[in-house]
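What the coordinates show
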Amino acid sequence: MTRVLVVDDEPQILRALRINLRVREYQVDVAATGTEALQMAARHPPDLVILDLGLPDLDGVEVIQGLRGWTKAPIIVLSGRADSMDKVEALDAGADDYITKPFGVEELLARMRAAVRRTGTAGGQPRIRLGDLIVDLAAKRVIRQAPVPAGGGLAGGGRAGGGPADAVDQSAQADDIHLTPTEWHLLEVLLRNPGKLLSRNQLLTEVWGPGYADATGNLRLYMAQLRRKLEPDPARPRWLITEPGMGYRYQPSPDEDA
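Let me sum up the structure you'll find in this document. Just so we're clear, the structure is a prediction, and the values are computed from it rather than from any experiment.

**A look at the overall build of the protein**
A count of helical and extended segments in the protein gives 8 helices and 13 strands. With 258 residues in all, the protein has 46% of them scored as buried. Considering only residue pairs separated by 6 or more positions, the protein has 64% of its internal contacts joining residues 24 or more positions apart. Carbon and sulfur atoms make up 51% of the accessible area of the protein, which totals about 12300 Å².

**Some words on the pairing of strand β7 (residues 133–136)**
Of the two faces of β7, the one holding L133 and V135 and the one holding I134 and D136 are both buried throughout. Connecting strand β6 (residues 127–130) to the next strand, β7, in antiparallel fashion are 2 residues, including G131 with a positive phi near 60°. Hairpin connection between β7 and strand β8 (residues 141–145): a loop of 4 residues separates the two successive antiparallel strands, and K140 in this loop has a positive phi of roughly 55°.

**Details of the pattern of salt bridges**
Throughout the structure, instances matching the rule amount to 17 salt bridges. With its nearest N and O atoms 3.4 Å apart, the salt bridge here joins D96 to K196. Of this pair, D96 sits in the loop between α4 (84–93) and β5 (97–100) while K196 sits in the loop between α6 (181–191) and β11 (198–199), and the two are 100 residues apart along the sequence. Neither D96 nor K196 differs from the other in exposure class; each is buried. Within this structure, D97, E107, R111, E243 and R249 form a network of salt bridges that share partners.

**Re the sheet that holds β11**
The antiparallel open sheet is built from 3 strands, whose spatial order is β11-β13-β12. At either margin of the open sheet sits one strand with a lone partner, and together these are β11 and β12 (240–243). Note that β11 and strand β13 (residues 247–250) share 2 bridges and pair antiparallel. Counterpart to L198 in the pairing with β13 is Y248.

**Re α6**
The buried count for α6 comes to 8 of 11 residues, which makes it a mostly enclosed element. Residues of α6 that are buried: E183, W184, L186, L187, E188, V189, L190 and L191.

**Structural notes on the pairing of β8**
Regular strands place their side chains on alternate faces of the sheet. Relative to β8, β7 runs antiparallel, the two sharing 4 bridges. Pairing of V135 across the sheet is with V142, part of β8.

**Brief notes about the packing of aromatic side chains**
On inspection of all chains with the given rule, the structure shows 1 aromatic pair. Summarising the aromatic geometry, the rings of W208 and Y222 are spaced 5.5 Å apart at their centres and angled 65° between planes, so their arrangement reads as edge-to-face. One end of the pair, W208, is in the loop between α7 (200–207) and α8 (216–230); the other, Y222, is in helix α8, and 14 residues separate them in sequence.

**Quick word on unusual backbone geometry**
Omega for the peptide link from K101 to P102 comes to -10°, which places this bond in the cis form. Looking at the element boundaries, P102 is found in the loop between β5 and α5 (105–121). A positive phi is found at E25, a non-glycine position, where the angle reads about 70°. When you line up the elements, E25 lands in the loop between α1 (11–23) and β2 (27–31). Residue classification places E25 among the exposed residues on the basis of a relative accessible area of 60%.

**What about the nonpolar core?**
With 28 residues, the main nonpolar core has V135, V142, L186, L187, L190, L203 and L219 as its most contacted residues. The element that contributes the greatest number of residues to this core is α6, accounting for 6 residues. Once you skip the residues sitting within four places of it in the chain, V135 turns out to touch P126, R127, I128, L130, R141, V142, W184, L187 and L191. Counting 23 residues, the second-largest nonpolar core is a separate cluster that includes A31, A93, A95 and Y98.

Thresholds, definitions, all that
- Residues numbered from 1 in each chain as written.
- Predicted model: local features only at pLDDT ≥ 70, side-chain atom pairs only at ≥ 80, totals over all residues.
- Heavy atoms only, no water.
- Helix = DSSP H or I, 4+ residues; strand = E, 2+ residues; numbered from the N terminus.
- Buried < 20%, exposed > 50% of the residue type's maximum accessible area, 1.4 Å probe, protein only.
- Contact = heavy atoms within 4.5 Å.
- Areas by Shrake-Rupley, 256 points an atom, 1.4 Å probe, with all protein chains shown as cover.
- Pairing = 2+ DSSP bridges.
- Salt bridge = Lys/Arg side-chain N within 4 Å of Asp/Glu carboxyl O.
- Phe/Tyr/Trp six-rings, centres within 6.5 Å; stacked < 30°, edge-to-face > 60°.
- Core = buried A, V, L, I, M, F, W, Y, C linked by side-chain atoms within 4.5 Å.

Honestly, it's all geometry; don't read function into it.
As structure tokens, then:
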């Protein structure tokens, strides 16, 4: 049973989330202040944290920093702050995702499933399928599969949408798509964090280094190049998604939440 810590100073939100999550068989702890949240997390380490930023004693970013000192549990920020700088600050502090209030419970549940799944599979899945592309993280290859006769395709019945692929059908004609080292590094960071919103600063620091935190033009350029090479319609990307004012995410196809 997944243990969830919900941190919010609004009693009605705590009550509603506790009921909704328990019905879906999550184990739920609640806290109304940042101090209480850190104490509760120390006593009962959570598998996932849902956190409001506007707490009465500590700022939510301080709570994120406190948790990140010892746990890698996913943190989903659930906040009424809609300013993009608040979102970027929370993501840079270590949050995994950000949902603005008012929110839909089904969207929150989908984000939770993605976050929990990510903690169990990140780095453990060597191949990702993007339509007719296979991204082999172990071999550092992007392979475009040619159409195959009915009944052919991925061994084990791979899906047509974005998601894990267990094997490449070697009988089908395949072509490699060339990526530069920087394009590959950027793609790999995104794919190893499926569903996770990565801020521009996170991506720039990870791919280019700490001295490039302001080089947002580089990031836009290389994201555009990746979309031209990998997306069926670069103007309407299916997998490499821009979150305006915040950053980017690799979004697997919706059936991956099933």
